[in-house]
Amino acid sequence: MIISGIELSGVTIRDVPPVVTTGLQLYYDPATYTGSGTLDDLSGNGFTATLYNVDTSNYASHYFNYNGTNSNLQTPDMVSAFNTTPAVSYEVWIWGLNDGCIVSETGTTSLNSNWYDNQMEVGGVSGPPWSLYASTYPYPGPGFTPPSPPVQQANWYQMVLTYDGSTGTGYVNGAAGASATGYNRQAPWDYGSGYYLNFGASTPTYLYAGNFWYGAIGIVRAYNRILTTTEIRQNYKIGRAHV
């Protein structure tokens, strides 16, 4: 149980930090699922997600299962929350059985028409272990390629991508991997499109192979600013309590 910010587990007492909320625009926790085929946004911004072919049976354990074929969790249009700054941070908790896409953005609810672009993917020719691939620039623009902290099969990981308007960095469990710098992000609203995020969906603009995610996705957050390493580790610490 939690009493005034302190978690008690047997005889172990651990300080439980709060979730970073500055700039938080999107926050999904499967444990809040009510069985409606949608998932409420805990940020308070009302970006209720729609679930497509997602197995919700483990929702109480803070994750959904994704079948590697057609599962997707999709946000509504969020242009109004993100089009005032190029900066962005994505945080996604994953457990995988194969390589696949974690986060992609689309201009409409369609996955492969209008605007579509992969943002984060796990892959590697000799995996597992895999690596995190990430980019805020449309394919085949600059991305963050291995080496990154290794990603093993059937383990929980916090994946984070930050971009400040020039430099992007990928993080695995709070540890920074490769980065790319000196480029401007191209965003869907620059071309008159909406801004939908998709978690677990395949996309033609892949960074590795572009597969649907096969495994589990847990807590998801998106910010309209970059998170610091300290903040990423803060969210990691509290996330570990759920997986």
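Residues numbered from 1 in each chain as written. Predicted model: local features only at pLDDT ≥ 70, side-chain atom pairs only at ≥ 80, totals over all residues. Heavy atoms only, no water.

> What is the right way to look at the sheet that holds strand β16 (residues 196-199) in this model?
In sheet architecture, strand pairing relies on hydrogen bonds along the backbone and comes in two forms, parallel and antiparallel. Overall, antiparallel pairing links the seven strands, which are arranged β5-β6-β8-β16-β10-β11-β12 in an open sheet. Since the sheet does not close on itself, it has two edges, and those belong to β5 (38-39) and β12 (131-134), each with one partner. (Pairing = 2+ DSSP bridges. Helix = DSSP H or I, 4+ residues; strand = E, 2+ residues; numbered from the N terminus.)

> Would you take a moment to explain the environment of valine 54 for this structure?
Its location among the elements puts valine 54 in the loop between β6 (49-52) and β7 (64-67). Among the residues examined, valine 54 registers a relative accessible area of 14% and is labelled buried. Each C-alpha atom of the pair valine 54 and asparagine 72 lies 6.6 Å from the other, and the pair is 18 residues apart in sequence. The residues touching valine 54, leaving out its near neighbours within four places in the chain, are Phe64, Asn65, Tyr66, Ser71 and Asn72. (Buried < 20%, exposed > 50% of the residue type's maximum accessible area, 1.4 Å probe, protein only. Contact = heavy atoms within 4.5 Å.)

> Teacher, can you tell me more about the pairing of strand β13 (residues 156-163) here?
Consecutive side chains along a regular strand alternate between the two faces of the sheet. Buried residues dominate β13, accounting for eight of its eight residues. Sheet topology note: the strand β9 (residues 88-96)/β13 ladder contains eight bridges and is antiparallel. Bridge pairing links tyrosine 90 to leucine 161 in β13. Direction of pairing for β13 relative to strand β14 (residues 168-172): antiparallel, over a ladder of five bridges. Looking across to β14, one finds that tyrosine 163 is bridged to glycine 168. Between β13 and β14, which pair antiparallel one after the other, the connecting turn spans four residues, and glycine 165 there sits at a positive phi close to 110°.

> How should the packing of aromatic side chains be read in this particular structure?
Where two aromatic rings form a pair, the distance of their centres and the angle of their planes describe that pair. A full pass over the atoms with the stated rule returns seven aromatic pairs. With a centroid separation of 5.5 Å and 80° between ring planes, the pair formed by tyrosine 33 and phenylalanine 64 is classed as edge-to-face. Remark: phenylalanine 64 occurs in strand β7 and tyrosine 33 occurs in the loop between β4 (24-28) and β5; sequence separation between them is 31 residues. Neither residue differs from the other here; tyrosine 33 and phenylalanine 64 are each classed as buried. Taking the centre distance of 5.7 Å and the plane angle of 5° together, the rings of tryptophan 93 and tyrosine 236 count as stacked. (Phe/Tyr/Trp six-rings, centres within 6.5 Å; stacked < 30°, edge-to-face > 60°.)

> I keep staring at the nonpolar core and nothing clicks. Help me out?
Grouped burial of nonpolar side chains is what soluble globular proteins tend to show. In terms of nonpolar packing, the biggest core is built from 43 residues, with Met159 and Phe199 touching the most fellow members. When neighbours within four sequence positions are excluded, methionine 159 is seen to be in contact with Tyr90, Glu91, Val92, Ile94, Ile102, Met120, Val122, Leu132, Val151, Tyr171 and Val172. (Core = buried A, V, L, I, M, F, W, Y, C linked by side-chain atoms within 4.5 Å.)

> I'm lost on the pattern of salt bridges in this one. Help?
Two side chains of opposite charge can pair, provided their charged atoms sit close to one another. For the structure shown, the criterion picks out two salt bridges. Arginine 221 is the partner of glutamate 91 in a salt bridge, and the nearest nitrogen-oxygen pair spans 3.0 Å. One end of the pair, glutamate 91, is in strand β9; the other, arginine 221, is in strand β17 (residues 214-223), and 130 residues separate them in sequence. (Salt bridge = Lys/Arg side-chain N within 4 Å of Asp/Glu carboxyl O.)

> Would you mind going over the environment of valine 172 with me for this structure?
Of note, valine 172 is situated in strand β14. When the C-alpha atoms of valine 172 and glutamate 91 are compared, they prove to be 9.9 Å apart, with 81 residues separating the residues in sequence.

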